[in-house]
Amino acid sequence: MAASITITNHGGGGLAAAVFIMVLAAAAVSQEDPGEGGSSSACSRRPVVFAFGDSNTDTGGAAAGLGYYFPLPEGRAFFRRSTGRLCDGRLVIDYICESLNMSYLSPYLEALGSDFTGGANFAISGSTTLPRNVPFALRVQVQQFLHFKQRNLDIIARGESAPVDADGFRNALYLIDIGQNDLSAAFGSGASYDDIVHQRIPAVISEIKDAILTLYYNGAKNFWVHGTGPLGCLPQKLAIPRANDSDLDYSGCLKPLNDGSYEFNNQLCAVCDQLGSQLRGATIVYIDILAIKYELIANHSAYGFEEPLMACCGYGGPPYNYDRDVSCLGPGFRVCEDGTKFVSWDGVHYTDAANAVVADKILSGEFSRPKMPFDYFCKA
C-alpha cells in the first residue's frame, strides 16, 4: 500500500536550498534543549563526543558555515523548525546523544548559541575524504578539531574555564562516518568496477586511516567508525534510467552499487582491525552500517514502514519520487504526509523514523567489531 503524497510548492529560497541539496546528493544550529530527548546512561563521567563526517551526521554545520537555509519540511517531524539537518527530524548522531542523556552536538562552525561542553560536531554536508585539502574534507575537519583542542587548552592554561579540559579530550569518543559521497562520486564517474574497488576505495580508506592516526597521536584513544550504507538502495541511484532490472536484487536495490559498498566496508573494517591491534591503548570499534540499513530495507514492514525505496520528499511520484532536477525543497516538490511510513526522506538521507531504527541497532552492539556497548568510553 503506497503512503499518500501531497504536493507543496516553495519559492526562491526553496530553490536555492534545492540547488545545494542536489550538489550534496551527487556526491543543530543552536544547542538544542537537553530536555528534548534523552534516556538513562550508564556513564560514570560526563560524556564528550567529537563527530566527523558528512550530511549523515551534520547537525547544522553547512547551514552555519555556508549560510544555507533548509526550511520546513526539513525538521518537521521532531524539531518542527529548520535545524540545518537534511532530514525531517533527528539524525543517528542525535539518537546516540539521547542514549547518553546529553545535549545534541553543536556544529563547530555555529557562532551563536553553541554549547561545546559535551563535544563538537565537525561533520559538514557534502563532505568527502578527497581531495583532502578542500573544505570540508575529512582532513580539514580533523585540522579544525586540532585547532579547537589547542584553543581549549590555551584558555585553561591562562587560568580560565573552557568547554573541554585535557581529561575530556583524552576520554572522549571520536566518531567518524564518511565515505558515502566519495563512493557515490566514484560510481558516477564512469570508472570501472575494478578501478573503484582497487584504486578509488583504497584511497578513501587511506584518508580515514590517516584521520584516526592523527587523532590518536594527538591524544584520542576511543574511536567509533561507521561503515557506509547500501548505496544501491538509495532512491537517488534507483531513479537513474536503466535498460532493464537485471541489476536489481530481491529487495529492489542495485547489486553493483551495493557490492561496492560491501567492498568499501571490508577494506575499512580491515584497517580498523589493523589499527586496533597496533595502537597501544586505543579502542577502535567498527560498525557495519550496511548490514543494519539493508536489513531495515529488506524487512521494512516488520518495522512499520511501507515505502523502503521511495523518497518522502522529492518529485516524480512512485516508484522512487526522485528527480535529480527537482529535489526536496525544489519548486513543485512532493512531500508525503506521514514520514514514519518511509525509510528515505529525500532520496539520499533517511527519515527520523528510519534513523531511530538504525541508531537502536548501533546501540545494541550486535553490529560492532569488536562487540562493545556504545557507552564504554564514559565508564570508569
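To be clear, the structure that these remarks concern was listed above.
Described in the following lines is the structure provided in the data block.

What counts, and where the lines are drawn
- What you see as residue numbers is a count from 1 along each chain, following the sequence as written.
- It should be noted that, the model being predicted, local features are given only for residues of pLDDT at least 70 and side-chain atom pairs only at 80 or more, the latter also being counted only at that level, while totals for whole chains, interfaces and linings use all residues.
- Computation of side-chain values covers all heavy atoms of the structure but excludes hydrogens and water.
- The way it works is that DSSP assigns letters per residue, a run of H or I at least four long becomes a helix, a run of E at least two long becomes a strand, and they are numbered from the N terminus.
- The buried label applies to any residue whose accessible area, calculated with a 1.4 Å probe on protein chains only, is under 20% of its type's maximum; exposed applies above 50%, and partly exposed to all values in between.
- Note on areas: Shrake-Rupley with a 1.4 Å probe; residue coverage comes only from the protein chains shown.
- To define a nonpolar core, start from buried Ala, Val, Leu, Ile, Met, Phe, Trp, Tyr and Cys residues and group those joined through side-chain atoms within 4.5 Å.
- Contact between two residues is taken to exist if any of their heavy atoms lie within 4.5 Å; hydrogens are not considered.
- In this scheme, strands are said to pair when DSSP sees at least two bridges between them.

In this section: the overall build of the protein chain. A tally of regular secondary structure across the protein chain gives 11 helices and 11 strands. With 380 residues in all, the protein chain has 57% of them scored as buried. When the accessible surface of the protein chain is split by element, carbon and sulfur atoms take 52% of a total near 14900 Å².

Grouped burial of nonpolar side chains is what soluble globular proteins tend to show. Of all hydrophobic cores here, the largest spans 91 residues; its most connected members are Phe50, Phe52 and Tyr174. Not counting chain neighbours up to four residues away, the residues in contact with tyrosine 174 comprise Phe50, Phe52, Phe145, Phe169, Leu215, Ala220, Asn222, Phe223 and Trp224. Grouped together as the second largest cluster of nonpolar side chains are 13 residues, Ala63, Cys328, Leu329 and Phe342 included.

This next bit is on the pairing of strand β2 (residues 49–53). Counted residue by residue, β2 has 5 buried out of 5 residues, so it is predominantly covered. Taking every second residue as pointing to the same face, both faces of β2 are buried, with Val49, Ala51 and Gly53 on one and Phe50 and Phe52 on the other. Relative to strand β3 (residues 119–121), β2 runs parallel, the two being bridged by 3 bridges. In the strand pairing of β3, alanine 51 is matched with asparagine 121. Here β2 runs beside strand β4 (residues 173–177); their pairing, made up of 5 bridges, is parallel.

This part covers the sheet that holds β3. The 6 strands lie next to each other as β3-β2-β4-β5-β6-β11, forming an open sheet whose pairing is mixed. One side of each edge strand has no neighbouring strand; the edge strands of this open sheet are β3 and β11 (368–369).

Taken by themselves, the reported measurements are silent on function.
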